[in-house]
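# Tertiary structure, described
The residues making up each chain are set out below.
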Amino acid sequence: MKQAARRVALETLGWVLVVAGIAALVLPGPGLLAIFAGLALLSQQYEWAERRVEPVKERALKAAAESV
């Protein structure tokens, strides 16, 4: 029961971060970093998210380096 609640909480947080990151792409904020964080959480449950973590991570780090 405890594991199921943890899984639901992490999955919910992952989706919230992905949606917030998508919104932050057009609004001010670190959109790619939020998307990366959300995908990192979702990759624990979903294989499709695991495949997308690395490309998003590379783009997020590149964008962060360019903005500094």
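Provided above is the structure to which this section pertains.
Here's a quick rundown of the structure. (Residues numbered from 1 in each chain as written. Predicted model: local features only at pLDDT ≥ 70, side-chain atom pairs only at ≥ 80, totals over all residues. Heavy atoms only, no water.)

At their nearest, the axes of helix α1 (residues 2-26) and helix α2 (residues 31-42) sit 7 Å apart, and the two run at 160° to each other. Relative to α2, the element α1 is oriented roughly antiparallel. The element α1 and its partner α2 pack so that their crossing is left-handed. Between α1, through L10, E11, L13, G14, W15, L17, V18, G21, I22, A24 and L25, and α2, the contact on the second element is made entirely by G31, L32, A34, I35, A37, G38, L39, L41 and L42. (Axes fitted to C-alpha atoms, helices over the stretch in contact; angles between N-to-C directions. Helix = DSSP H or I, 4+ residues; strand = E, 2+ residues; numbered from the N terminus. Parallel < 35°, antiparallel > 145°, perpendicular 65-115°, else oblique. Left-handed = near helix turned anticlockwise from the far one by under 90°. Contact = heavy atoms within 4.5 Å.)

A few words on the packing of α2 against helix α3 (residues 47-67). For the pair α2 and α3, interaxial distance at closest approach is 8 Å and the crossing angle is 155°. Between α2 and α3, the angle falls in the class roughly antiparallel. Note that α2 runs across α3; the crossing there is left-handed. In contact with L32, L33, I35, F36, L39, A40 and L42 of α2, α3 contributes W48, A49, R52, V53, V56, K57, R59, A60 and A63. Of the residues belonging to the contact of α2 with α3, the class tally is 13 nonpolar, no polar and 3 charged. (Nonpolar A, V, L, I, M, F, W, Y, C, P; charged D, E, K, R; others polar.)

Turning next to a nonpolar patch on the surface. A surface patch of nonpolar side chains, about 430 Å² in accessible area, is lined by I22, L25, V26 and L27. The class for L27 is exposed, based on a relative accessible area of 52%. (Patch = residues over 30% accessible without salt bridge, like charges linked within 9 Å, V, L, I, M, F, W, Y side chains within 5 Å. Areas by Shrake-Rupley, 256 points an atom, 1.4 Å probe, with all protein chains shown as cover. Salt bridge = Lys/Arg side-chain N within 4 Å of Asp/Glu carboxyl O. Buried < 20%, exposed > 50% of the residue type's maximum accessible area, 1.4 Å probe, protein only.)

A word on the pattern of salt bridges. Under the definition given, this model contains 2 salt bridges. For E11, the salt bridge is made with R7, and the minimal N-O distance between the two is 3.7 Å. Linking E11 with R7, this pair stays in helix α1, spanning 4 residues, or about one helical turn. Among the residues examined, E11 registers a relative accessible area of 16% and is labelled buried. By relative accessible area, R7 is classed as partly exposed at 42%. The partner of E47 in a salt bridge is R51, and the shortest N-O contact between them spans 3.4 Å. Here E47 and its partner R51 are both found in helix α3, 4 residues apart, which amounts to about one turn of the helix. Each of the two residues, E47 as well as R51, counts as exposed.

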